[in-house]
Amino acid sequence: MSVTLLAARQARAVPALQAKGGIVVAGGTLAVADLNHGQGPGTLIIVDGLGLGRIEIKGRKVILGAMVTMAQIAHDRRLKFLHPVSQSIGGPAVRAMATIGGNLFAPAPYGDMAVALLALDAEVALHDGKALRKLPLENFLKQRGKYEKSLVVSVSFAMPEANSFRYVKAVRRKPVSASLVTIAAVLPRKAGKVKDARIAFGAMGPCALRARKSERALEGKALDASAIKEAADLAADGTAPADDAYATGWYRRQIAPIHLQRLLGA
Amino acid sequence: MTKVPVQFTLNGREQNEFVDSGSTLLAALRDKLGLYGTKAGCHQGTCGACTVIIDGSPQLSCLTLAERCAGKSVTTLEGLTGNGALHPLQQAFMEGFAAQCGFCTPGMILAAKSLLDRNPSPSRDDVIDAISGNICRCTGYDPIINAILTAAEQLRGARKSA
Ligand SMILES: Cc1cc2nc3c(=O)[nH]c(=O)nc-3n(C[C@H](O)[C@H](O)[C@H](O)COP(=O)(O)OP(=O)(O)OC[C@H]3O[C@@H](n4cnc5c(N)ncnc54)[C@H](O)[C@@H]3O)c2cc1C
Ligand code: FES
Ligand code: FES
């Protein structure tokens, strides 16, 4: 198969190349694997020169360029709360290559960073060829097929309050493997009561999703055993996780409440 | 197939190569340059046999497009044996029976080297993390972990006496 690499010089030029069937190769951990299996397209778009590999932190606002790697996050002391997330993704070589942008497109059971970013209520900035647009990550993920012909430029979110972010990824093989279920939660509290909790699941559907019923069960309550039990009991409600080599959907639905209960009780 | 020139540093030496557009670094190393130390296992990132060091970090050569290595510095197993002497990691692997069939060994050694380059005094858990993307079907991992810890100790000793 004949493959052409095109180095994009401007973000706005990328969508036109994508419209012609080209795909962006970021870290390449998924895209080049497809290519090796003869599934790749004829045109690969390289976006290394667009300056998308920066982490910017202004006050409480964090902006992660789409080309920021999991290893960059793991080495940034300001983002310590995200280290358990980056650390849970592949081995060191995968982390050195895997990017934020690629993680938003990773099919389940992958996409662990997207789970954390969803719980952080992140916003995605993307270029559709005409303009730079921003949209909530949740909307992006729900329709991500639609955004495959756009260039993700960055993801931004507000730094969570100290000790309000929690993360767990259940796996079969330590220290790292693909997710059985991944849970990220931001649990802000006011006067001891949970206010605006955000809980996100990975591997419980085709992409990361919010556990709204569990969130509502916690609202305005102290994080005590009964509130936690109520939230956990609702965890798998309405989810349709896939069967794959790591677990059946049935098994994922059985363990999701248990891991949520442990995470909230921790 | 379009040929593209790529200039990069390979094991400390300037290298100019024509590679097939869209081909991987793994293909360039093995098929063009005859450097068979880098092993080709799964071609999908899961086995770690093709691990090399690019600009100081461990990366999977099967998932790295050769053209994107332009201007970068690549280290393969062949780059470890300057003046013919084995690298302390190789010595420790040999003495500690950390290689059986040997297929995973180059990847393991490069994953370990990039750990020791950054962290000369790793804990056992650091070592386990460093090789967590590398699969070994033979040894059961313990001899590999022990060999890396032994090599770390030797390298620290060598540095002190230098
Ligand atoms: C051995 C192994 C283990 C893994 N383990 C995990 C794991 O534990 N958890 C996990 O979440 N993932 C895991 N992954 C999957 C993958 O490495 C990550 O999801 C990674 O973040 C994908 O990013 P990438 O930069 O490599 O994507 P690429 O392979 O470069 O791209 C993936 C897709 O996203 C598109 N894309 C990438 N960036 C952009 C952009 N800026 N704009 C528009 N489109 C874009 C590409 O066109 C492509 O379709 C693993 C992969 C391997 C090989
Ligand atoms: S051959 Fe590259 S990871 Fe298996
Ligand atoms: S020694 Fe055979 S795979 Fe590790």
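Counting of residues starts from 1 at the beginning of each chain's written sequence and follows it residue by residue. The naming scheme follows written order: chains are lettered A onward, ligands numbered 1 onward. Thresholds applied to this predicted model are a pLDDT of at least 70 for local features of residues and 80 or more for the giving and counting of side-chain atom pairs; totals over whole chains, interfaces and linings are not thresholded and use all residues. As a rule here, side-chain values cover all heavy atoms of the structure and leave hydrogens and water aside.

Thoughts on the sheet that holds strand E10 (residues 181-186) of chain A
Residue and element names in this part refer to chain A. Condition: Being paired, for any two strands, means DSSP has found at least two bridges between them. For helices the rule is a DSSP run of H or I covering at least 4 residues; for strands it is a run of E covering at least 2, with both sets numbered from the N terminus onward. When checking whether two residues touch, look at their non-hydrogen atoms; a contact exists if any pair is within 4.5 Å. Lines fitted to C-alpha atoms define the axes, with helix axes restricted to the stretch in contact, and inter-axis angles between N-to-C directions lie between 0 and 180 degrees.
Strand order in the open sheet made by the four strands is E9-E10-E13-E14, with antiparallel pairing throughout. At either end of the open sheet lies a strand with only one pairing partner, and these are strand E9 (165-170) and strand E14 (209-210). In terms of strand pairing, strand E13 (residues 198-202) meets E14 through two bridges, oriented antiparallel. Bridge pairing in E14 places Phe201 opposite Leu209. The strands that helix H7 (residues 112-119) touches are E9, E10, E13 and E14; relative to E10, the one it contacts most, it runs at about 25°.

Examining the site of ligand 1
Our working definition: We call a residue near a molecule or strand when any one of its heavy atoms sits within 4 Å of it. Polar contacts, as used here, are pairs of N or O atoms within 3.5 Å; protein pairs need one atom able to donate a hydrogen and one able to accept it. Residues neighboring in sequence count only if both atoms are side-chain atoms. Polar here means any residue outside two lists: the nonpolar Ala, Val, Leu, Ile, Met, Phe, Trp, Tyr, Cys and Pro, and the charged Asp, Glu, Lys and Arg; Gly therefore counts as polar.
Taken together, 33 residues form the shell around ligand 1, and within it Gly27, Thr29, Thr99, Gly111 and Asp112 of chain A come nearest. More than one chain reaches ligand 1: its neighbouring residues belong to chains A and B. Here an oxygen atom of ligand 1 sits 3.0 Å away from a polar atom, N or O, in the side chain of Asn103 of chain A. Backbone polar atom of Val152 of chain A to a nitrogen atom of ligand 1: 2.9 Å apart, as the coordinates give it. Elements with a contribution of two residues or more to the shell around ligand 1: strand E2 (23-25), helix H6 (100-105) and strand E8 (151-158) of chain A. The element that contributes the greatest number of residues to the shell around ligand 1 is H6 of chain A, accounting for four residues. Partitioning the shell around ligand 1 into residue classes produces 16 nonpolar, 15 polar and two charged.

Regarding the packing of helix H2 (residues 88-95) of chain B against helix H3 (residues 105-118) of chain B
Each pair of packed helices can be described by the angle between their axes along with the distance between the axes. Residues and elements named next belong to chain B. We apply this condition: Here the angle decides the label: under 35 degrees means roughly parallel, over 145 means roughly antiparallel, 65 to 115 means roughly perpendicular, and every other value means oblique. Crossing handedness follows the turn of the near helix against the far one: under a right angle anticlockwise gives a left-handed crossing, and clockwise gives a right-handed one.
For the pair H2 and H3, interaxial distance at closest approach is 10 Å and the crossing angle is 130°. Our classification of the angle between H2 and H3 gives oblique. Crossing of H2 against H3: the hand is right-handed. On H3, the residues that touch Leu89, Gln90 and Phe93 of H2 are Thr105, Met108, Ile109, Ala112, Lys113 and Leu116. Across the contact of H2 with H3, the residue classes break down as six nonpolar, two polar and one charged.

Description of H2 of chain B
Residues and elements named next belong to chain B. The following threshold applies: Relative accessible area decides the class of each residue, using a 1.4 Å probe on protein chains only: under 20% of the type maximum gives buried, over 50% gives exposed, and in between gives partly exposed. Here, the arc refers to the directions that run from the helix axis to the C-beta atoms.
Among the residues of H2, those classed as buried are Leu89, Gln90, Ala92 and Phe93. Across the axial projection of H2, the buried residues extend over an arc of 165°, all falling on one side. Counted as exposed and oriented over 90 degrees from the buried face of H2: Met94 and Glu95. As for H2, its buried residues are in contact with H3 and helix H5 (142-161). Looking one or two places after H2, you find Phe97, whose phi comes out positive at around 50°.

Details of empty space enclosed by the protein
Quick reminder of the rule: Both cavities and pockets are sets of points on a 1 Å grid over the protein atoms alone; in a cavity a 1.4 Å probe fits but cannot get out, in a pocket the set is open with protein on both sides within 12 Å along at least five of seven lines, and lining residues sit with an atom within 4 Å of a point. Grid points are joined across faces, edges and corners, and a volume is the space filled by probe spheres set on the points.
If you walk through the whole model with that rule in mind, you get one cavity of 30 Å³ or more. Reported here for the largest cavity is a volume of approximately 30 Å³. Its residues placed into classes, the lining of the largest cavity shows four nonpolar, one polar and two charged.

Examining the interface of chain B and chain A
Heads up, the rule is: Here the quantity called buried area is the accessible surface, traced with a 1.4 Å probe, that two parts lose on coming together, added over both. Salt bridges are defined as contacts in which a side-chain nitrogen from Lys or Arg sits within 4 Å of a carboxyl oxygen from Asp or Glu.
Contacts between chain B and chain A engage 23 residues on the former and 30 residues on the latter. The largest share of the area that chain B buries against chain A comes from Leu63, Arg68 and Ser132 of chain B, three residues that together contribute 29% of it. The tally of links from chain B across to chain A stands at two salt bridges. With a closest N to O distance of 2.9 Å, Arg95 of chain A and Asp129 of chain B form a salt bridge. Linking chain B with chain A are seven residue pairs in polar contact (both at pLDDT 80 or more), by the criterion used here. Those elements that provide at least two residues to the side of chain B that touches chain A are strand E4 (57-60) and helix H4 (124-130) of chain B. In terms of residue count, E4 of chain B provides more of the side of chain B that touches chain A than any other element does, four residues in total.

Re the domain arrangement of chain B
Residue and element names in this part refer to chain B. Condition: As used throughout, domain bounds are those supplied by an automatic or database domain assignment.
The assigned domain composition of chain B is domain 1 (3-79) and domain 2 (88-161). Here domain 1 and domain 2 have C-alpha centroids that lie 21 Å from each other. Each side of the interface is counted separately: domain 1 has 16 residues, and domain 2 has 12 residues. Between domain 1 and domain 2, the buried area comes to about 1100 Å², and carbon and sulfur atoms account for 67% of it. Looking at the side of domain 1 facing domain 2, the largest losses of area belong to Thr51, Ile53 and Leu77, adding up to 40% of the total buried there. One can count zero salt bridges joining domain 1 with domain 2. In this assembly, domain 1 and domain 2 are joined by three residue pairs in polar contact (both at pLDDT 80 or more).

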